[in-house]
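# Summary of structural features
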Amino acid sequence: MNGFELNTSIANLRDLRASNLTDYDAVYLGDIYCRIYESNFLEQLGDLREGLHILRDMGKKAYVATYAAPRNDFLPKVRKMLEASASAGAEAVEVHNLGILRIVHEEFPQLPVHVGGFANIYTAAGAEVLRGFGAVRFTPNYELSLDEINEITATSSAPLELLLHGKMPLGVSDYCFLLDYEEKWGVKCPDLCQKELFLKQGDWAMKTLGKGILSGKDVCMLEHLPRLLAEGHRHFRIEALSESPEYRREVAAVYRGALAKALAGEHDADEGSWETLRRHARIGLCNGFYFGRSGMDYQGLRPEALGSLPTISRAES
Amino acid sequence: MAVPVLLAPGGSLEAVRAALGAGADAVYVGLEGWSRGGARRELGWDELVAAQREVASSGRSLRVALNTIPRPEERARLFERVPALLDLGIRDVIVNDVGILAALRQRFERLRLTASIGCGAQTVADVAFFRDLGAYAVVLPGTVSPAEMREIRTVRGISVEIMVHMVEEFVLLGKCWMPSYVHLKESPMRQNGSVKRGGVGACFRICQQPWELFAAGRRVDTRLFPSRQISRIADVGAYADAGVDVLKLQGRSLPAGVLAPLVRRYRDAIDGRTIPDAFGPPPATLPAAWAVVGR
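Because the structure is predicted, anything quoted here is derived from the model rather than measured.

## Here's the deal with the overall build of chain B
A tally of regular secondary structure across chain B gives ten helices and 13 strands. Within chain B, buried positions represent 53% of all 295 residues. When contacts within chain B are restricted to residue pairs at least 6 apart in sequence, those whose partners lie at least 24 apart make up 61%.

Written out as structure tokens, the structure reads:
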């Protein structure tokens, strides 16, 4: 690791094979929202083993995600998936659910645990509790500001992983409302959620994956990298689960270059980098909750990121 | 087989009295400033004292929701309230965060701590986790079936509650920060953010407003996120058979006049199961007026 870890998420073997991962250090395999997501690594255990081998052959750290909101009937498959992950050399498992955390801790203690954003770590006290269950890294709840995140790092020595760029998870459901459209659109599950789908109310926008809801805007921390690094953060996610291989590759290239520059004391990203991020952001850019404001706001020196980009409603409706 | 406890909401002193009058075995209330959902449904300290007096004198129990997630500097103020609760005779406290649960467990051995529905427990493994953490009880949503509950009840050493009457919104409780993504409500008094976080944690129900659905840049529909009122009164017996300890009703927003008949209906269903000849089978449905608006 060159002073930091840049990672991303990939749901299935097809996307893994199609993605150029040169600028990533690590990858989380699997879709956390839905068991029947197309060829989900978490259900296709042969694919999962192959994916883990591919990543290892690339020299990448290979992590495996787990479901954000399981029910009892998920758990036998989760155990098999964890067994396959451990035997195929996964270097960590990301856990969003406290029951799965307990299963990993009790039954697969060889697997280090990264706690994901749906596990609701709001405080250092919460992180410390989960450390007792084997957690070694934490993504704090997305609602926390950087100041609040720093309160955690001030009292907990476990490293945090932060969303650096991409669509921020906003919610997860037991149900997929896209199934309502199978007949109307003539598109069956699991192809439905492969479409690019946004929900909009005026300028508000969210991306839907059926069971998962994401921010419509892409969280963008490009111009805030010096602060993140100065505050000691070194583990960063580009959330690209529902994005194209081009998005995954080009956004990573921007951030790897910018992180290297920021570590060398250079603070300004070049205009080409901004152009790349603007081109891939379907709705616009935001900062999530990092500055204590509404998640869709943008704070920084790039005014064009704050709502001035054409939104779908303005451009197409 | 034990008869489940009927746990009713009390969003005001009047509602507490109504719940008791209608046959609740226990009532839960929010302590002003420290409960999810906001001030309108909380009791001030004097009201809490009065409620506890009335509940205790009728031989039933009061449970107090302290289910915000306070910041570090606020936690000490929260902990300062606990000895006074214990002095009043209140041992049952509902919390919403694993850190707070563990900290309270460590500091106040006499407390019986419940992991609230906002903690997101849905599985047998989740319940085992909260048991291991030292929770006295855990609340599961009414979406969990009696069959699932039977498996969950194989976990011993923890009381299991189910929210048999609740609104099921599209996004799971404790896993939604859509409202604060759209608009973060500022308040000097209370936590900003989602309902999970508590306090001002405003849910202004953006999921229940019409959204335009765009596919590949083209508007294809206008729709709401699906949500529904869950009233599992017909399953009271099945949950009892599965070994559920507490049947909980959502609705600290319900006025006393609406709450009382709702509680009475569940009371009758529970007693109808234990004394079937007296009441016959419980009704399968409830009037629409008993839909809980908000939490």
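## Observations regarding the packing of helix α5 (residues 124-131) of chain A against helix α4 (residues 98-107) of chain B
α4 of chain B packs onto α5 of chain A with a crossing angle of 80° between their chain directions and a minimal axis gap of 7 Å. Taken together, the axes of α5 of chain A and α4 of chain B are roughly perpendicular relative to one another. Judged by residue contacts, Ala125, Gly126, Val129 and Leu130 of chain A of α5 of chain A engage Val98, Gly99, Ile100, Ala102 and Ala103 of chain B from α4 of chain B.

## Overview of helix α9 (residues 245-263) of chain A
Residue and element names in this part refer to chain A. Taking 1.5 Å per residue as the helical rise, α9 with its 19 residues ought to reach 27 Å, and the 27 Å between its terminal C-alpha atoms agrees with that figure. Residues of α9 that are buried include every one of Tyr247, Arg248, Val251, Ala252, Val254, Tyr255, Ala258, Leu259 and Ala262, and no others. For α9, the arc enclosing every buried residue in end-on projection is 165°, short of the 170-degree limit, so these residues lie on one face. On its buried face, α9 is in contact with β1 (5-10), β7 (161-173), α8 (225-230), β11 (235-239) and α10 (271-280). At the exit of α9 stands Gly265, carrying a positive phi of roughly 95°.

## Topic: the confidence of the model for chain A
When pLDDT is averaged along chain A, the result is 92; 94% of the residues meet or exceed 70. Counting interchain partners and residues more than four positions distant, the pLDDT-below-50 stretch residues 306-317 of chain A has 27 contacts.

## Focus: the interface of chain A and chain B
Listed as interface residues are 49 residues of chain A and, on the opposing side, 49 residues of chain B. Elements that contribute at least two residues to the side of chain A that touches chain B include exactly α4 (98-107), α5, β7, β8 (197-201), β9 (204-208), β10 (212-220) and α11 (312-316) of chain A. With six residues, α4 of chain A is the single largest residue contributor to the side of chain A that touches chain B. The residue inventory of the side of chain A that touches chain B, partitioned by class, reads 26 nonpolar, 13 polar and ten charged. Relative to strand β9 (residues 171-176) of chain B, β7 of chain A runs antiparallel, the two being bridged by two bridges.

## What about unusual backbone geometry?
Residue and element names in this part refer to chain A. Here the residue pair Cys189 and Pro190 is connected by a cis peptide bond, since its omega of 15° sits within 30 degrees of zero. Topologically, Pro190 is positioned in the loop between α7 (182-185) and β8. Although it is not a glycine, Asn120 sits at a positive phi angle of roughly 65°. By secondary structure assignment, the location of Asn120 is in the loop between β5 (113-115) and α5.

## Digging into the nonpolar core
With 199 residues, the main nonpolar core has Ala19, Val138 and Leu247 of chain B as its most contacted residues. Looking at this core, the element that brings in the most residues is α9 of chain A, giving eight residues. What Leu247 of chain B contacts, discounting residues up to four positions off in sequence, is Pro4, Leu6, Leu7, Ile162, Val164, Val236, Tyr239, Tyr266 and Ile270 of chain B.

Criteria and thresholds
- Residues numbered from 1 in each chain as written.
- Chains lettered and ligands numbered in written order.
- Predicted model: local features only at pLDDT ≥ 70, side-chain atom pairs only at ≥ 80, totals over all residues.
- Helix = DSSP H or I, 4+ residues; strand = E, 2+ residues; numbered from the N terminus.
- Buried ≥ 20, exposed ≤ 12 C-beta atoms within 10 Å, placed from the backbone.
- Contact = placed C-beta atoms within 7 Å.
- Axes fitted to C-alpha atoms, helices over the stretch in contact; angles between N-to-C directions.
- Parallel < 35°, antiparallel > 145°, perpendicular 65-115°, else oblique.
- Expected span 1.5 Å × (residues − 1).
- Arc of directions from axis to C-beta.
- pLDDT = per-residue confidence, 0-100.
- Nonpolar A, V, L, I, M, F, W, Y, C, P; charged D, E, K, R; others polar.
- Pairing = 2+ DSSP bridges.
- Core = buried A, V, L, I, M, F, W, Y, C linked by C-beta atoms within 7 Å.

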